[in-house]
Amino acid sequence: LIASQEEEKATIREQIENVTVIGREVTPLMLLMVDALEQFVTLDVPFLETERTNRIAHMKELMDRADVTNAEKYRRILEAYQIENEYGRTIEAYRGSLDQGGESVPVDFLRIGRVALLYQTLDAAEMGAWNQAAREWQPLDRSYRGALRKGLRIARKLAAPDLLRLPVAAAEDVR
């Protein structure tokens, strides 16, 4: 029993000595994770830009603080990754503004995962879809007006989930 306890004490001493080494090795990894997330958000479909950019800015500030433990920093980074992951499998409607010819126009946005980002002006006169390949908004044909309105209602939980006929970029073979 005593020999077993001595072995356990030696193991615990070794783990305590390695904690600082692990802490020094984890910090660069966390910084890389924050940078990778920032790059991902920059290259991603431009939805909720302010919220997502602020989240990354707060994480960068957090990484510079000595009063926050590595465990808490890591937890926050993983939480941000989970939030970004969740965006890929949800539908959301939100109100924002779109810059059109130097003028800020209030619009309703419809985000369907990371597959489609669409907008409709509040008077439903204009609609558009984000073209990720061209990285610009493209106007939509009026034939999508009903589907877009229905999608906004579904995202706001005012209508039951249903199929929507909306433009979606075709998948490409990257080989």
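Now for a quick tour of the structure. The structure presented is a predicted model; accordingly, all values stated were derived computationally and were not measured.

## Section: the overall build of the protein chain
So, step 1. Counting its regular elements, the protein chain contains four helices and five strands.
So, step 2. Counting from the amino terminus, the protein chain carries its helices and strands in the arrangement α-α-α-β-β-β-β-β-α.
So, step 3. A globule of 175 residues ought to have a C-alpha radius of gyration of about 16 Å, yet the protein chain, at 23 Å, is considerably larger.
So, step 4. By its C-alpha atoms, the protein chain is 80 × 40 × 35 Å across when sized along the principal axes.
So, step 5. Counting only residues that meet the buried cut, the protein chain has 30% of its 175 residues in that class.
So, step 6. A total accessible area of about 11900 Å² is found for the protein chain, and carbon and sulfur atoms account for 54% of it.
So, step 7. Both charge centroids of the protein chain, one from 24 positive and one from 29 negative side chains, sit 7 Å from each other.

## Details of the nonpolar core
So, step 1. If you look at the biggest cluster of nonpolar residues, it comprises 13 residues, and the most contacted ones within it are L110, L118, L140, L148 and L166.
So, step 2. Those elements giving two or more residues to this core turn out to be β3 (116–121), β4 (127–131) and α4 (145–155).
So, step 3. Per-element accounting of this core gives the leading share, four residues, to α4.
So, step 4. When sequence neighbours within four positions are dropped, the list of residues in contact with L166 reads L110, I112, L118, Y144, A147 and L148.
So, step 5. Core analysis: the second largest hydrophobic core is formed by twelve residues, F47, V107, L117 and Y119 among them.

## Some remarks on the packing of aromatic side chains
Here the distance between the centres and the angle between the planes together describe a pair of aromatic rings.
So, step 1. Across all of its chains, the model carries five aromatic pairs by this definition.
So, step 2. Consider the rings of Y119 and W137, whose centres lie 5.1 Å apart with planes at 90°: the pair is edge-to-face. One end of the pair, Y119, is in strand β3; the other, W137, is in strand β5 (residues 136–139), with 18 residues separating them in the sequence.
So, step 3. Exposure remark for Y119: the relative accessible area of 5% places this residue in the buried category.
So, step 4. Summarising the aromatic geometry, the rings of W130 and W137 are spaced 5.4 Å apart at their centres and angled 75° between planes, so their arrangement reads as edge-to-face.
So, step 5. A relative accessible area of 17% means that W130 is categorised as buried.
So, step 6. Three or more aromatic residues joined by ring pairs make a cluster, and in this case those are Y94, F109, Y119, W130 and W137.

## Some points on the pairing of strand β1 (residues 91–100)
So, step 1. Judged from the ten bridges that link them, β1 and strand β2 (residues 103–112) form a sheet pairing that is antiparallel. The partner of L98 across the bridge, within β2, is V105.
So, step 2. Where β1 hands over to β2, the hairpin turn is made up of two residues, of which G101 adopts a positive phi near 65°.

## Let's talk about the pairing of β3
So, step 1. With six of six residues buried, β3 lies mostly within the body of the structure.
So, step 2. By the bridge criterion, six bridges tie β2 to β3 in an arrangement that is antiparallel. Bridging across to β3, F109 finds its partner in Y119.
So, step 3. A loop of three residues connects β2 with β3, the two strands running antiparallel in sequence, and G113 in this loop sits at a positive phi of about 55°.
So, step 4. The sheet contact formed by β3 and β4 spans three bridges and is antiparallel. Bridge pairing in β4 places L118 opposite A129.
So, step 5. Between β3 and β4, which follow one another and run antiparallel, lie five residues, and A124 among them has a positive phi close to 60°.

What counts and how
- Residues numbered from 1 in each chain as written.
- Predicted model: local features only at pLDDT ≥ 70, side-chain atom pairs only at ≥ 80, totals over all residues.
- Heavy atoms only, no water.
- Helix = DSSP H or I, 4+ residues; strand = E, 2+ residues; numbered from the N terminus.
- Rg over C-alpha atoms; globule rule 2.2 N^0.38 Å.
- Buried < 20%, exposed > 50% of the residue type's maximum accessible area, 1.4 Å probe, protein only.
- Areas by Shrake-Rupley, 256 points an atom, 1.4 Å probe, with all protein chains shown as cover.
- Lys, Arg positive; Asp, Glu negative; His and termini not counted.
- Charge placed at Lys NZ, Arg CZ, Asp CG, Glu CD.
- Core = buried A, V, L, I, M, F, W, Y, C linked by side-chain atoms within 4.5 Å.
- Contact = heavy atoms within 4.5 Å.
- Phe/Tyr/Trp six-rings, centres within 6.5 Å; stacked < 30°, edge-to-face > 60°.
- Pairing = 2+ DSSP bridges.

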